[in-house]
Structure formats: C-alpha cells, structure tokens
Amino acid sequence: MSKQFDVIVIGGGPGGYIAAIRAAQLGKSVACIDEWKNSKGGPALGGTCTNVGCIPSKALLQSSEHFDHANHHFAEHGISASNVSIDVAKMVARKDTVVKQNNDGIQYLLKKNKVSFFHGRGAFVKAADGAYEIMVSGAAEETLVGNQIIVATGSNARALPGAPFDEEMILSNDGALRIGAVPKKLGLIGSGVIGLEMGSVWRRLGAEVTILEGLPTFLGAVDEQIAKEAHKAFTKQGLKVELGVKVGEVKKSKKGVSVAWTNAKGEAQTLDVDKLIVSIGRVPNTIGLNAEAVGLKLDERGAIVVDELCKTNLPGVWAVGDVVRGPMLAHKAEEEGVAVAERIAGQHGHVNFNTIPWVIYTSPEIAWVGQTEQQLKAAGRAYRSGSFPFLANGRARALGDTTGMVKMLADATTDEILGVHIVGPMASELIAECVVAMEFRASSEDIARICHAHPSLSEATKEAALAVDKRALNF
Ligand code: FAD
Ligand code: NAI
C-alpha cells in the first residue's frame, strides 16, 4: 500500500528539511526522505551542511582558533599558558557531538511539525494522473505518492581527474573534517572557500599548509581590495598559496601524496605532503534519484534545470539548493525551500539573489553582499566608495584584532547601497546589518545616520557609510 502526501521532499539538508517544515506549517501533509547515515547506520538529518559542511567546519575552526589564541595571543593580555597542546581526537569528538546535536535537533523539528520522516533513498518510479510515485529504499521501504515533489538532493565534492578520494590520503571535505592527527605537511588543491577554511584549521594546529590554486587571482569573486587584504593576512600567518598553477599527476605512496604541478611561470614543481585535500568545487547530486523515469531535465553540469521560481520541467516538481543553479550556500537553499513551500500553498515566496550574503570563516573573516567594485566598473555604473579600517575602531583595538576594513559601495546619484565588503573580526555577524539595509534599499546616508552602539565593531560599518560621503569621523 502506498502512502499519500500533499508534499514529498527528497533530501533532508537545509533546502529539504526547511521546505518540509514550512509546507507543514502551511497545513500540508508532508513526507521528508533522507538517506544520510550516522556512524551507527541511523538517520543523520541536515545533509552536507550539518554532517560534513557548515557545522563541523565551524566547530573545528573554533577549536583551532582557541589553540591559536592560547599559543600566540594570550601573552599580550598578560596570560601565560605554557605547554599548550592539542588533543586532535578530542577536538574531532567535540565536533561530532556538535553535529549530533544538530542532527537530533532537526529530527525533533520534523516531529514537532508533524512531518513524516523516511530514512532511505527516494527515487522517482513514475508519474500518473498528475501525481508522482516515489520509492523509498533503505531503513524505510515504502512507496509514497504525492502531487507536489520538492527535490533537495544537494551536491558532492568534485574529484581531480585520476585522483579519486580515498578519504585517507586524498580527502574531500568529508575526510578533511576527520583527520586524526595534525599532518606535518598538508596540501590543498583550490583556494576557494573550503581550501581557505580547512587550510586555516590545520595551519593553526601546526601543519605546514600549501594551497595550489588554478586561477591567477586570489579569491576572484571577492572585491579585489578585500581579497588583497585577506591574502596579505593569510600569507603573514604562514598559509602558502600558489596562484596560476596547473596540477598534473597525483601519486600516492606509503609515505604520502606527491603532486606534480607547474607554477605560473611554467616551471615544473612537486609538492610532497602527508595528506591532500581536494577542494575544487562541488557537483550537483542526482545519484539514485531515477530522474530519467519521469523525464526530469538536467543541464550539462548535472544540475536540475529550474526557472526563477524553482519549477522544473515537470508540473508539480520543484528543486532547491545545491542541486540547482546559483550559489551553493545553506542559507540560499533554505530561502528557496521556504519560497517553494509557500508557492505550493498559493503564496508568493520570493528569494532576492542580490542580497544573499557570503561569508568565509577564516581569521580575519571575509563577508560580503551585493556587487564588488570590479563588477560595478565592468557594468559602467557610477558609484561612490567609502571604507573604514578596523585599526581605527576602538572595539577592534580592545579585542586585539585590527586587521581589515569595511568597504561600502553606493550609487553615485541615488546613494543606494550596492555592495558591502568586509574583511576583519566578526565580519560574519557585521554583514547582517548590510543585508537588511540592502533589502530595504537603504542609502549609505541611512546607515551613516543610524545610532550604532559604542564601542562596537558595527561602528566600522557606520564609519564606512560616512566615508562614502567623505565625512568619516574617526579616521
Ligand atoms: P545537502 O545539504 O547536500 O543535503 C542533501 C541531502 O539529500 C543529503 O542529506 C543527502 O544524503 C540527501 N539525498 C540525496 N539524494 C537523496 C535521495 N535520492 N534520497 C534521499 N536522500 C537523498 N554553506 C554555508 O552557507 N555556510 C557555510 O559555512 C558552509 N560551509 C560549508 C563547508 C563545507 C566543508 C562544505 C562542503 C559546504 C559548506 N557549505 C556552507 C555549503 C552547504 O553545506 C550547502 O550549500 C548546503 O548543505 C546545501 O543544502 P541542500 O539542502 O541543497 O543539500
Ligand atoms: P570553490 O568554488 O569555493 O573553490 C574552488 C577553487 O578551486 C577555485 O578557486 C577554483 O579556481 C579552484 N580550482 C578548480 N579546479 C582546479 C584545479 N584543477 N586546480 C587548481 N585549482 C582549481 O569550491 P570549494 O572550496 O570546493 O567549496 C565548494 C562550495 O561549498 C563553495 O563554493 C561554497 O558554495 C560552499 N562552501 C561554503 C562555505 C561558506 O559559506 N563559508 C564554506 C565551504 C564551502
């Protein structure tokens, strides 16, 4: 006997479980299918984000930052800490506990919202009379039928050709979050978001870290001035980033991994490391979905083709998150999940792609929203720019964390904020004010005239806004 639902969500990551909760809030009967297994074979809701992405990486970043502070920054506060050591197994176990708390929290939320959860793989069987039959196989074996299907099956790490992940020596994000001891030498391919975050974790813990990046520019998508400042800070910390490289053969031996590469001048080089993390982007995941059975259209990258409303080519079938176009970010997946659930319920959910913030959780943190200076120049848009260094911010001085700046870009005529770019302490939190401002189409003058608490890092945002009009007060 098949079970009938108004909405069936395939995937329990941030796109899927949030869509399921919102649809249930709107009165729909909802099933959510997710196949992720914890180490005991049980369900582990939350997808990549919770299990091998956002949450565990931030847990390790926090632990390694404490270690770094104890080693390098306590002394300036008059605190002596000798023989500081790191128990990597304990650090990883703490990370696993944080992950489990999140897994359990999501399971509780599904239950609270009366979403029926099925642990297993969901696959399309057929479409009939405007409904879809979905087979669940795994711990749960069921056939579900629903008129509205939301696919939120996420993404997987991209491997280097000829160097498949073994998660022992050649690591994806999964293995990178489970390294059992600090490697003496760690190599990373790709200086994108994962490369910089994971490289920072293991560098702080004492590994000699080298990142090989294919592009000639560092963080090409980031505002150039901000990327330059971040590059300077990372280099000073000892993170070695080689730009414009061509990666050749990757060979494993008992001792480690050897990477043949060519530098920007075309000279042949070899990088010998104990472990290699490959972080060269992610590919949309539709493995096992049996998309062909119903004719669900994919593009050449394997992403499910959707329009701006997340509608696929099939009536009643929607797709959200990493498996569709757009940035691969948990909060983007969530916003799409909410919007789709609301559209199914006849509402008008909306996702504003212009105001999706990005954060790189390194130290200093990098965060931005809206357009970069190079994008505005390329578009021929007249703009004014204001920036304010944390060096001139009282709270940053008190924290002992004065690297970086806030930079605001506003339209030259209307003064509407077009982009805000931050490198520095707590950039991840500071960016929220700027997202709100842009959502409300605020001008830089609006931010400049709002009272900000003193002393706070957010005063740097206000000062950057004042600087747009060349009237910063503290710099
Ligand atoms: P996923 O989270 O990948 O979830 C998909 C789920 O569907 C998985 O549980 C999968 O098992 C399940 N599934 C797939 N196919 C089936 C099927 N056929 N049947 C049943 N279940 C299925 N983003 C941020 O915004 N901030 C960060 O700090 C951040 N850090 C990251 C760090 C790392 C190391 C990585 C790898 C990613 C990070 N991301 C971060 C990106 C973020 O994890 C993804 O954008 C987000 O998880 C996408 O959500 P999703 O729901 O689309 O897919
Ligand atoms: P990425 O797209 O951020 O970076 C990949 C990097 O690898 C790029 O700089 C690219 O030029 C380089 N590259 C690609 N092929 C290469 C090759 N053959 N040789 C050398 N360099 C090569 O991808 P990454 O770091 O794997 O992360 C995947 C995604 O996960 C991110 O794009 C992001 O969406 C998400 N993520 C988000 C985080 C956050 O929000 N803080 C943290 C980590 C991941």
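Remember, it's a predicted structure, so these values are computed and weren't measured experimentally.

(A) Geometry of the site of ligand 2. As a matter of local geometry, ligand 2 sits amid 23 residues, with Ile 194, Glu 213, Gly 281, Met 328 and Val 359 nearest to it. Between ligand 2 and Glu 213 there is a distance of 2.6 Å, counted from an oxygen atom to a side-chain nitrogen or oxygen. Alone, ligand 2 offers 830 Å² of accessible surface; in the complex the protein occludes 74% of this. Every element with two or more residues in the shell around ligand 2 is listed here: helix H6 (193-204) and strand S18 (358-360). Top element by residues in the shell around ligand 2 is H6. It accounts for four residues. The residue makeup of the shell around ligand 2, split by class, is 13 nonpolar, six polar and four charged.

(B) Here's a closer look at the site of ligand 1. Around ligand 1, the structure places 38 residues, and the nearest of them are Asp 34, Thr 48, Lys 58, Gly 122 and Asp 322. In the environment of ligand 1, an oxygen atom lies 3.3 Å from a nitrogen or oxygen atom belonging to the backbone of Pro 14. Between ligand 1 and the protein, one listed contact pairs an oxygen atom with a backbone N or O atom of Ala 330 at 2.9 Å. Taken by itself ligand 1 offers 990 Å² of open surface, and the protein chains cover 94% of this. Where the shell around ligand 1 is concerned, the elements lending two or more residues are helix H1 (14-25), strand S2 (30-34), helix H2 (47-52), helix H3 (54-72), strand S4 (121-128) and helix H8 (330-344).

(C) Seen up close, the nonpolar core. Core analysis: the biggest nonpolar cluster contains 36 residues, and Leu 196, Trp 202, Leu 219 and Ile 366 have the highest contact counts within it. At the level of elements, H3, helix H4 (88-112), strand S9 (185-189), H6, strand S10 (208-212), helix H7 (224-237) and strand S19 (365-370) are the ones that each hand at least two residues to this core. Beyond its immediate sequence surroundings of up to four residues, Leu 196 is in contact with Ser 191, Ile 211, Phe 218, Leu 219, Phe 234, Leu 239, Ile 360 and Thr 362. Core analysis: the next-biggest nonpolar cluster, separate from the first, contains 29 residues, Phe 390, Ile 417, Val 420 and Val 435 among them.

(D) Broad picture of the domain arrangement of the protein chain. Here the protein chain is partitioned into domain 1 (3-156 + 283-351), domain 2 (170-280) and domain 3 (355-468). On a C-alpha basis, the centroid separation for the pair domain 1 and domain 3 is 31 Å. Between domain 1 and domain 3, the residue contacts involve nine residues of the former and six residues of the latter. Between domain 1 and domain 3 lies a buried interface of about 650 Å² when both sides are counted; carbon and sulfur atoms form 72% of it. Among the residues domain 1 hides against domain 3, the three largest losses belong to Lys 58, Leu 329 and His 331. Together they make up 44% of the total. There are zero salt bridges connecting domain 1 and domain 3. Counting across the domain 1 and domain 3 interface gives one residue pair in polar contact (both at pLDDT 80 or more). For the side of domain 1 that touches domain 3, the secondary-structure elements that each account for two or more residues are H3 and H8.

Rules used throughout
- Residues numbered from 1 in each chain as written.
- Chains lettered and ligands numbered in written order.
- Predicted model: local features only at pLDDT ≥ 70, side-chain atom pairs only at ≥ 80, totals over all residues.
- Heavy atoms only, no water.
- Near = heavy atom within 4 Å.
- Polar contact = N/O pair within 3.5 Å; in protein donor to acceptor, adjacent residues only side chain to side chain.
- Areas by Shrake-Rupley, 256 points an atom, 1.4 Å probe, with all protein chains shown as cover.
- Helix = DSSP H or I, 4+ residues; strand = E, 2+ residues; numbered from the N terminus.
- Nonpolar A, V, L, I, M, F, W, Y, C, P; charged D, E, K, R; others polar.
- Core = buried A, V, L, I, M, F, W, Y, C linked by side-chain atoms within 4.5 Å.
- Buried < 20%, exposed > 50% of the residue type's maximum accessible area, 1.4 Å probe, protein only.
- Contact = heavy atoms within 4.5 Å.
- Domains from an automatic or database assignment.
- Buried area = accessible area lost by both parts, 1.4 Å probe.
- Salt bridge = Lys/Arg side-chain N within 4 Å of Asp/Glu carboxyl O.

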